[in-house]
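# Understanding the architecture of this molecule
So the chains spell out like this:
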Amino acid sequence: MATPKTYEDFEQTLTGSTPPMDWSEALKAMWFAANDNWEASHDIAQEMFNEMGSWIHAYLHRVEGDEFNAGYWYRKAGRSFPKISLGQEQKEITEYLLKTN
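Residues numbered from 1 in each chain as written. Predicted model: local features only at pLDDT ≥ 70, side-chain atom pairs only at ≥ 80, totals over all residues. Heavy atoms only, no water.

What follows is about the side chain of Thr 94. On the secondary structure map, Thr 94 appears in helix α6 (residues 86-100). For Thr 94, a relative accessible area of 0% gives the class buried. One polar contact links the side chain of Thr 94 to the main-chain carbonyl oxygen of Gln 90, over a distance of 2.9 Å. Excluding its chain neighbours within four sequence positions, the residues that come into contact with Thr 94 are Tyr 7, Phe 10, Leu 27 and Met 30. (Helix = DSSP H or I, 4+ residues; strand = E, 2+ residues; numbered from the N terminus. Buried < 20%, exposed > 50% of the residue type's maximum accessible area, 1.4 Å probe, protein only. Polar contact = N/O pair within 3.5 Å; in protein donor to acceptor, adjacent residues only side chain to side chain. Contact = heavy atoms within 4.5 Å.)

A few words now on the packing of helix α2 (residues 25-34) against helix α4 (residues 51-64). Viewed as axis vectors pointing N to C, α2 and α4 meet at an angle of 10 degrees, and their least axial separation amounts to 10 Å. Looking at the two axes, α2 sits roughly parallel to α4. Contacts between α2 and α4 pair Ala 26, Ala 29, Met 30 and Ala 33 from the former with Met 52, Ile 56, Tyr 59 and Leu 60 from the latter. For the contact of α2 with α4, the per-class residue count stands at eight nonpolar, no polar and no charged. (Axes fitted to C-alpha atoms, helices over the stretch in contact; angles between N-to-C directions. Parallel < 35°, antiparallel > 145°, perpendicular 65-115°, else oblique. Nonpolar A, V, L, I, M, F, W, Y, C, P; charged D, E, K, R; others polar.)

Under the criterion given, the structure shown has two salt bridges. One salt bridge connects Glu 25 with Lys 28, and the closest N-O pair in it is separated by 3.1 Å. Within this pair, Glu 25 and its partner Lys 28 are both found in helix α2, separated by three residues, close to a single helical turn. When the shortest N-O distance is used, the salt bridge between Arg 62 and Glu 89 registers 2.7 Å. Here Arg 62 is found in helix α4, whereas its partner Glu 89 is found in helix α6, with 27 residues between them in sequence. For the residue pair Arg 62 and Glu 89, the accessibility class agrees, reading buried in each case. (Salt bridge = Lys/Arg side-chain N within 4 Å of Asp/Glu carboxyl O.)

So, about α2. Each α-helix turn comprises 3.6 residues. Residues three or four places apart therefore point the same way. With eight of its ten residues buried, α2 lies for the most part within the structure. Within α2, the full set of buried residues consists of Ala 26, Leu 27, Lys 28, Ala 29, Met 30, Trp 31, Phe 32 and Ala 33. On the buried face of α2, the contacting elements are α1 (7-12), α3 (38-45), α4 and α6. Looking one or two residues beyond α2, the residue adopting positive phi is Asp 36, at roughly 60 degrees.

Lys 28 sits in the buried class, given a relative accessible area of 9%. Of note is the side chain of Lys 28, whose polar atom sits 3.1 Å from the side chain of Glu 25. When sequence neighbours within four positions are dropped, the list of residues in contact with Lys 28 reads Pro 19, Pro 20, Met 21, Trp 23 and Ile 44.

Below is the structure:
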């Protein structure tokens, strides 16, 4: 399956059992996060040794409620701790990935 062009297209893929294998690791991580599979998303993010992986990692620790750990990962990603909702941040990260893939 081709990478979705819009967030709405991405949302339509969430009924599947797994994300498409040809997607980027970052987009797969956000697919699992959007499907409330924190562990699978975290497993991917912690193996991404770049700013995008750190941003996703930060978001996931924020979801978990661990603000201290999230703060560390936001700093690694070069980002401030967000003041938006978790849902808004999930959408922001995903839309960023869709634009850059």
